[in-house]
Amino acid sequence: MSRDTVLVTGAAGRMGVFLVPALQSSGWRVRALVHRRPVPAADEIVRGDLLDPEGLVAATRGVRAVLHGAGVTHARRKRQYAAINVHGTEALIRAAERVGVERFLLVSTHALGDDGGAYSDSKRRAEEVVVAGSVPFTIVRLPEVYGAGGEGIDRMVAAARAGRWIPLVGAGADEVRPARIDEIADALVRALGAPCAAGRIYTLAGHALSIREVAEASIAAFRSGSRLVPLPEQLVRLAGHLSRALPLPLYPDQLTRLRARRAEPSTAAAAELGFRPRPFAEGIRWAEADACASASRSRRRSPP
């Protein structure tokens, strides 16, 4: 029995590592749009670029659905967000319209307030492009995701695991709604295939915590000696301003994005997408156990 094919953008990213096998386990055949990095787990690779309209038509031909997860998340210039997140999404939705794709799923963000900076604005505009198109759509707005490694909460977790200092902006009172990457991937897969999800916009959210509470839970989970280091807000703002011209380890809109007004969580996400996120303290303990198990398997495979 042949499987329906889904074109996935962003499959080479940290989320894609979890999303591709989750789609395959649910019966989808994954065609990955590859720009630079390979996606070994995909069933099919098509090389292309979100800024190449004709290439996108070829990439979408023969697929039943598109899961659009690619995007610029950190940039030092506003136009870099718009080029990919807005114009790239527009090119992809036009290609999907031309070839008759049956479902277009856009991965978005819950930080869509006007006060969220250039990234938030670009994602809001991308949503408008998808809603205005003729392809049946689903939009899933993500909270702060952890468990995939790399940045944000995962960087804080890594610091706690290693016993390093954890910087906080001021008292660390800013709110986040963390959810694990496996929970997010499962919800996206369900949203792609569920008939009831057509035309719907879901905002996913874990249990609300302050940044300080996330740091403290991470330290407790790993029983580490990490210390919390408050940074004056004025200093962080100045660094953000300077980062437009200097390669500092933060970006101009990071603080405004953290403090952007959040879309309200969707109550339907539990019933329709099976999204029931663990409390962060429980999720991080699960992550610690999984890391220990992975290390143990690695040692067993290593030659004496």
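Enquirer: What's the story with a positive patch on the surface in this structure? I'm lost.
Expert: Taken together, the side chains of Arg 77, Lys 78, Arg 79 and Arg 244 make up a positively charged region of the molecular surface. With respect to the element layout, Arg 77 can be found in the loop between β4 (65–68) and α3 (78–99). Exposure remark for Arg 77: the relative accessible area of 35% places this residue in the partly exposed category.

Enquirer: When you look at the packing of aromatic side chains in this model, what are you seeing that I'm missing?
Expert: Within this structure, the stated rule accounts for two aromatic pairs. Between the aromatic rings of Tyr 146 and Phe 280, the centroid separation amounts to 4.9 Å while the plane-to-plane angle is 70°, which identifies the pairing as edge-to-face. With Tyr 146 in strand β7 (residues 145–146) and Phe 280 in helix α11 (residues 280–301), the pair connects residues that are 134 residues apart, well separated along the chain. On the basis of relative accessible area, Phe 280 is assigned to the buried category, the value being 3%.

Enquirer: Hey, could you run me through the sheet that holds strand β3 (residues 44–47) in this one?
Expert: Backbone-to-backbone hydrogen bonds join strands into a sheet, with any given pair of strands oriented parallel or antiparallel. Taken together, the seven strands give an open sheet; going across it, the order is β3-β2-β1-β4-β5-β6-β11, and neighbouring strands pair in parallel fashion. Looking at strand neighbours, the two that pair on one side only are β3 and β11 (200–203), the edges of this open sheet. Mean inter-strand twist for the sheet, computed between neighbouring axes without regard to direction, equals 20°. Where strand β5 (residues 103–109) and strand β6 (residues 137–142) come together, six bridges link them in parallel fashion. Paired with Phe 104 across the strands is Phe 137, a residue of β6. Sitting on the sheet, helix α2 (residues 53–60) is in contact with β1 (5–9), β2 (29–34), β3 and β4, with an inclination near 165° to β2. Where α3 meets the sheet, its contacts fall on β1, β4 and β5, and the angle it forms with β5 comes to roughly 165°.

Enquirer: What am I meant to see in the environment of Ala 12 here?
Expert: With respect to the element layout, Ala 12 can be found in the loop between β1 and α1 (14–25). Using a relative accessible area of 24% as the deciding quantity, one classes Ala 12 as partly exposed. With 26 residues separating them along the chain, Ala 12 and Pro 38 place their C-alpha atoms 6.4 Å apart. The contacts of Ala 12, once residues within four sequence positions are left out, are Arg 37, Pro 38 and Val 39.

Enquirer: Would you take a moment to explain the pairing of β1 for this structure?
Expert: Where burial is concerned, most of β1 is hidden: five out of the five residues are buried. The alternating pattern of β1 places Thr 5, Leu 7 and Thr 9 on one face and Val 6 and Val 8 on the opposite face, and all of these are buried. Read as a crossover between parallel neighbours, the route from β1 over α1 to β2 is right-handed. The pairing of β1 with β4 spans four bridges and is classified as parallel. Counterpart to Val 6 in the pairing with β4 is Ala 65.

Enquirer: Quick question: what am I supposed to make of helix α4 (residues 117–132) here?
Expert: Three or four residues apart is the spacing at which side chains of an α-helix point the same way, because the helix has 3.6 residues per turn. Between the first and last C-alpha of α4 there are 23 Å, a value that for 16 residues agrees with the 22 Å anticipated at 1.5 Å per step. Of all the residues in α4, the buried ones are Ala 118, Tyr 119, Ser 120, Ser 122, Lys 123, Ala 126, Glu 127, Val 129 and Val 130. Check the buried side of α4 and you find it contacts α3, β5, β6 and α9 (254–258).

Analysis parameters
Residues numbered from 1 in each chain as written. Predicted model: local features only at pLDDT ≥ 70, side-chain atom pairs only at ≥ 80, totals over all residues. Heavy atoms only, no water. Patch = residues over 30% accessible without salt bridge, like charges linked within 9 Å, V, L, I, M, F, W, Y side chains within 5 Å. Areas by Shrake-Rupley, 256 points an atom, 1.4 Å probe, with all protein chains shown as cover. Salt bridge = Lys/Arg side-chain N within 4 Å of Asp/Glu carboxyl O. Lys, Arg positive; Asp, Glu negative; His and termini not counted. Charge placed at Lys NZ, Arg CZ, Asp CG, Glu CD. Helix = DSSP H or I, 4+ residues; strand = E, 2+ residues; numbered from the N terminus. Buried < 20%, exposed > 50% of the residue type's maximum accessible area, 1.4 Å probe, protein only. Phe/Tyr/Trp six-rings, centres within 6.5 Å; stacked < 30°, edge-to-face > 60°. Pairing = 2+ DSSP bridges. Axes fitted to C-alpha atoms, helices over the stretch in contact; angles between N-to-C directions. Contact = heavy atoms within 4.5 Å. Right-handed = clockwise from strand over helix to strand, strands pointing away. Expected span 1.5 Å × (residues − 1).

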